[in-house]
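# Topology and contacts: notes
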Amino acid sequence: MKWLLLLMTSCWCGLVNAQNITGHVMDDKGQPLGFANVVLLTTADSAVRSTLTDADGAYRFSKINPGEYKIATTGIGFKPLASAPFNFEGKDLTLPDLKLIADMKQLSDVVVTGRKPFLEQRVDKLVVNVQNSVLAAGATASEILRHVPGIRVLNDRVTMTGKNKLVIMVNGRLSPYQDMNAFLRATPANSIERIEVISNPSAKFDAEGDAIINVVLKHKQTAGTNITAGFATGADPYRLTEVGEGNKVYQRYNPSVSFNHQDGDLNVFGNYSYLYRTQFEVDLIERLHDQSRYDQRNYNPSQYGMHSYQGGADLKIDSLNTIGFVINGFDRDGIGDYRNHSIQTSILNGGLIDAFTSTNDQSNVNRNLSLNLNWRHSFAKPGETLSVDADAAHYLIRNVSQITVFPSAGNIIHNYQRINTPINFKTLKADHVYPIGKNSKLESGIKVSVAKIDNDLQFEQNGVKGVDRSDRFVYRENINAAYGNFYTTLRKWDMQAGLRAEQTVATGTSYKKTVLDRNYVQLFPSLMITRHLDSVLAITGQYNKRIGRPSYQQQNPFEVYLDPLTYTKGNPLLTPQTTHSAKVSLTYTGLPILALSYDRTSNIIVDYAPQQKTIIDPNGVPRLVSFSVADNLAEAQNFTAQLNFPIKIGKLMDGYGGVITSLQRYAAFYQGGIFDAQKWGHVFFTQTDLKMSKTWTGQIAAYYATPSQYEFIRAGRNSSVDMGIAKKILHDRGKISLSVSDLLFDDKTRGTIRYQDIDLRLKQYNDTRNVIIAFTYNFGSKQLKTTEAHTTGADEEAKRVKTN
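This is a predicted model, so every value here is computed, not measured. Per chain, residues are indexed from 1 in the order of the written sequence. For a predicted model such as this one, the threshold for reporting local features is a pLDDT of at least 70, and the threshold for listing and counting side-chain atom pairs is 80 or more; totals across whole chains, interfaces and linings nevertheless cover every residue. Hydrogens are left out, water is left out, and the side-chain values use all remaining heavy atoms of the structure.

## Describing the overall build of the protein chain
Only DSSP runs of H or I reaching four residues or more are called helices, and only runs of E reaching two or more are called strands; each is numbered from the N terminus. Helices and strands together make up the secondary structure of the protein chain, namely 4 helices and 47 strands. Residues counted as buried form 54% of the 804 residues belonging to the protein chain. Contacts are assigned to residue pairs that have any heavy atoms within 4.5 Å of one another. Here the analysis covers contacts within the protein chain between residues at least 6 apart in sequence; of these, 67% occur between residues at least 24 apart. With residues, only the protein chains shown are counted as cover, and all accessible areas are computed by Shrake-Rupley using a 1.4 Å probe. Counting only carbon and sulfur atoms, one obtains 59% of the accessible surface of the protein chain, whose full area is about 34600 Å². Think of it in three bands: with a 1.4 Å probe and only protein chains considered, a residue is buried below 20% of the maximum accessible area for its type, exposed above 50%, and partly exposed in between.

Dropping the structure here:
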């Protein structure tokens, strides 16, 4: 660390009086052009320094000697441009905007050798460019997220190191996928352009969640007609001896097609994907209680077919106005044949006390349809825009379980459980951007959302309705929000300050009896300041306040049984959690080197607060049942340090590695006792791209995580190694790839829970080791035209609806 501190100190002291050349690059419509190449030249055309513009089209050159210079800039799909010569006297100088003109020439004879890095640190987020990832071909979004630093996917549940509540959004289009984990498991990763990890969101974003993962799907908007078709398949062989299963192969196949047609001011686009997959999950639970050992072994094979589709159009009415619509659909049907074997033995002599088996035949349906209408207006003032979005969506979630218990003695027990959940919500939002001078701008906006969720659970045991387990929970919520964000650049300083206000009105009824009634307003400030030490080194400090509202299902009082000894239960008395976050980071050429963060969450919502009790089954046999309840605990604190470093060997190897160290502490009064637990955890990760020739590329990714604390669970270590290789064929229009994930089959959840009379060990894993072969082919026009991603207004509500 000493060398790092010396470097920071020397750069800071040596550059106190350094002056800058700054400016902006715009397109021919006056919109900022991000990631354009900008070169500072002498009047003799000798290059002095080069850089890329940021997302706002801004560039900066520091430590420049006085003299005569000019600026040259280029961008893919635009004609090159050079400024007139100018004289730099060693004082701060802001140049006039450079406006690039779109170049619509055919690119069939042009070879583009530039490539975005896999990991890219921008002003307010970490960007993972997965578009060219070999490992993304044929994988799902959930599987590619395993390669993102700080993100862990355990049993298909996405978490972020150091954050207590992570929300997932889909940028560029409506995200009406009520179960976002199901969406990530089913979305092909090769349809994703990039993933944005926003650890400290500004006031522009909804206040929900400590951090955001924003999945940006591909949405090309190119001249002419373009079609991309692909097919991926995989075979995953396993021998699951822990649950008595022999050799079995689990399969997947995934055809997909997307198209886009642009003619003049009209752009029409659409895509369709189908994913069929057979998979499994193994849950091993061992509990010690009252001189008895309970051993549960669950094997959960399942299969599903999922159709996802999107269609839409954008029409440019005139030079200032564009309107559009997007229709999204998602249909998933699945079945499961869950099997459980449970035995109870004596700790004293090992003798058998009780044993039974059970089956859980499940069928589930997840359907939705959504519509987005949008309008974008550009004002005469360059950079001033107004965007308006209206969204409406309807979901249907249905799950039917037939749970049959076969005891060692007594009668067979038949349980029937049906959950039917229609969901409707509507949103309306407007966002305005107003430039102030050359280096500042003000963003403001409003948003209104209305949601209704009707949860109907029916439970029967041996043909008799279970009145105490059946319920109908109707939840209504209205959120009204307004925000303001101010951005400015002053010499070597960049600042962003914002404030968001949100009013939440929520009611819940259980069999027409009010169990939830809330109406509250909260303010959420945010601040980010960046100090540019020179043209490549910068320090950024961030602070924000966030809210974590209970999800719709967390407040649902249902008891949902997984097997005869395990169930989950919602809690309508949950209150929102509040998190204060602070972060300081050091970046070099945009790549994060070191980041230190501290989060403090009060009234934290714990998803899996453990409890257990003894029940008497219909045969009169006492059984110890364990269940988890969502509950508010007192406080959680987290300190996280992340160090990244590049890995580069000439033109052959290019990648990164790093380590994340985190201290997670929970302190609460729970179930009449004090729960106080903390644990240091470490994650080591690396990813490397290999360029073996013009047509052959490879990729290797790996991580290792030491034991850590997650709520009441003391989690064990886990790791993963992924490898892939790809080759371009058919005149570079086609690509075939082969990859294997979790080569050593060690990406498993291991953990223990010890609190009061609860002594539990668990081990969970699924089909993370996959061998996949994929093929894609692109045909159509190759003319380029830039476009901006479009974010609709329903992201916030969609990400809060979940079923697992």
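## Section: the sheet that holds strand β35 (residues 605-616)
Across the sheet, 4 strands lie side by side as β31-β32-β36-β35; this open sheet has mixed pairing. Each having just a single partner strand, β31 (559-563) and β35 make up the two edges of the open sheet. Strand-to-strand twist of the sheet, defined as the mean angle between neighbouring strand axes without regard to direction, takes the value 25 degrees. Bridging between β31 and strand β32 (residues 566-569) involves 4 bridges; their strand directions are antiparallel. By the bridge assignment for β32, Tyr 561 is matched with Tyr 567. Strands pair, by our definition, only if DSSP identifies at least two bridges between them. Here, axes are lines fitted to C-alpha atoms. For helices the fit covers the stretch in contact, and angles between N-to-C directions go from 0 to 180 degrees.

## Side note on the packing of aromatic side chains
Between the rings of Phe, Tyr and Trp (Trp by its six-membered ring), a pair exists once the centres lie within 6.5 Å; its type follows the angle of the planes, with under 30 degrees stacked, over 60 edge-to-face, and the other angles tilted. Taken as a whole and assessed by the stated rule, the structure comprises 21 aromatic pairs. Look at Tyr 238 and Phe 280: their rings are 4.9 Å apart centre to centre, the planes differ by 75 degrees, and that puts the pair in the edge-to-face class. Placement of Tyr 238 in strand β17 (residues 224-239) and of Phe 280 in strand β19 (residues 266-289) is noted, with a sequence separation of 42 residues between them. Residue Tyr 238 shares its accessibility class with Phe 280, and that shared class is buried. A connected cluster of aromatic rings, assembled from ring pairs, spans Tyr 238, Tyr 250, Phe 280, Phe 745 and Tyr 765. Any Lys NZ or Arg CZ found within 6 Å of a ring centre and within 35 degrees of that ring's normal is scored as a charge over the ring. A cation sits over an aromatic face here: Arg 332 above Tyr 304, 4.1 Å from the ring centre. One cation-aromatic arrangement involves Lys 748 over Tyr 765; the distance from NZ or CZ to the ring centre is 4.7 Å.

## Looking at the pairing of strand β16 (residues 211-217)
The buried fraction of β16 is high, at 7 of 7 residues. Here β16 shows two buried faces, one formed by Ala 211, Ile 213, Val 215 and Leu 217 and the other by Ile 212, Asn 214 and Val 216. Sheet topology places strand β15 (residues 192-198) next to β16; 6 bridges connect them, and they run antiparallel. Directly across from Arg 194, in β16, lies its bridge partner Val 216.

## Some details on unusual backbone geometry
Phi at His 731 is positive, roughly 55 degrees, even though this residue is not glycine. Relative to the elements of secondary structure, His 731 occurs in the loop between β43 (718-729) and β44 (734-741). In this structure, Asp 732 takes a positive phi of about 70 degrees despite not being glycine. Note that Asp 732 resides in the loop between β43 and β44. Among the residues examined, Asp 732 registers a relative accessible area of 52% and is labelled exposed.

## Concerning the side chain of Ser 292
Looking at where Ser 292 falls in the secondary structure, it is placed in strand β20 (residues 292-316). Discounting residues that sit within four places of it in the chain, Ser 292 has contacts with Arg 287, Gln 344, Thr 345, Ile 347 and Ile 353.

## Considerations on the pattern of salt bridges
Salt bridges are identified by distance alone: a Lys or Arg side-chain nitrogen within 4 Å of an Asp or Glu carboxyl oxygen. Under the definition given, this model contains 36 salt bridges. Between Glu 242 and Lys 763 there is a salt bridge, with the nearest N and O atoms lying 3.1 Å from each other. Here the residue Glu 242 occupies a position in the loop between β17 and β18 (247-263), and Lys 763 occupies one in strand β46 (residues 758-766), the gap between them amounting to 521 residues. In this structure, Asp 746 and Arg 717 form a salt bridge, with 2.3 Å as the shortest nitrogen-oxygen distance. Here Asp 746 is found in the loop between β44 and β45 (749-755), whereas its partner Arg 717 is found in the loop between β42 (713-715) and β43, with 29 residues between them in sequence. For Asp 746, a relative accessible area of 12% translates into the label buried.

## Quick word on the side chain of Ser 202
Tracing the backbone through its elements, the reader meets Ser 202 in the loop between β15 and β16. Other than its neighbours up to four places away in sequence, Ser 202 contacts Asn 485, Tyr 487, Gln 496, Ser 526 and Arg 546.

## Overview of the nonpolar core
Only buried residues count toward a nonpolar core. Its members are Ala, Val, Leu, Ile, Met, Phe, Trp, Tyr and Cys residues joined through side-chain atoms within 4.5 Å. In terms of nonpolar packing, the biggest core is built from 29 residues, with Leu 145, Ile 151, Val 158, Leu 184, Ile 195 and Ile 213 touching the most fellow members. Counting residues per element, the ones that place at least two in this core are β11 (126-128), α2 (141-144), β12 (151-154), β13 (157-160), β14 (166-171), α3 (180-186), β15 and β16. Per element, the largest residue contribution to this core is 4 residues, and it comes from β16. Sequence-distant contacts of Leu 145, defined by excluding residues within four places in its chain, comprise Ile 151, Val 153, Val 158, Leu 184, Ile 195 and Ile 213. Counting 18 residues, the second-largest nonpolar core is a separate cluster that includes Leu 633, Ala 668, Tyr 755 and Leu 760.

## Points about a positive patch on the surface
Together, Lys 651, Lys 691, Lys 694 and Lys 728 make up a positively charged patch on the protein surface. Its place among the elements puts Lys 694 in the loop between β39 (673-691) and β40 (696-705). When its relative accessible area of 79% is taken as the criterion, Lys 694 is described as exposed. Like-charged residues are merged into a patch within 9 Å and nonpolar side chains (Val, Leu, Ile, Met, Phe, Trp, Tyr) within 5 Å, provided each residue has over 30% relative accessible area and no salt bridge. By the counting rule applied here, Lys and Arg register as positive and Asp and Glu as negative, while His and the ends of each chain are not counted. Where a charge lies is defined by one atom per residue type, namely NZ (Lys), CZ (Arg), CG (Asp) and CD (Glu).

## Some thoughts on the pairing of strand β37 (residues 635-649)
As defined by bridge partners, β37 adjoins strand β38 (residues 653-670) across 15 bridges and the pair is classed as antiparallel. Pairing of Phe 639 across the sheet is with Leu 663, part of β38. The hairpin turn running from β37 into β38, its antiparallel successor, is 3 residues long, and Gly 650 in that turn takes a positive phi close to 55 degrees.

## Things to note about the confidence of the model for the protein chain
On average, residues of the protein chain score 83 in pLDDT, and 88% of them reach the 70 mark or higher. As a per-residue measure, pLDDT tells how confident the predictor is, with possible values from 0 to 100. Averaged pLDDT values for the elements of the protein chain fall to 36 in helix α1 (residues 2-14) and rise to 94 in β43. Residue range residues 105-114 is modelled with pLDDT below 50. Its contacts to residues more than four positions away, or to other chains, number 7 contacts.

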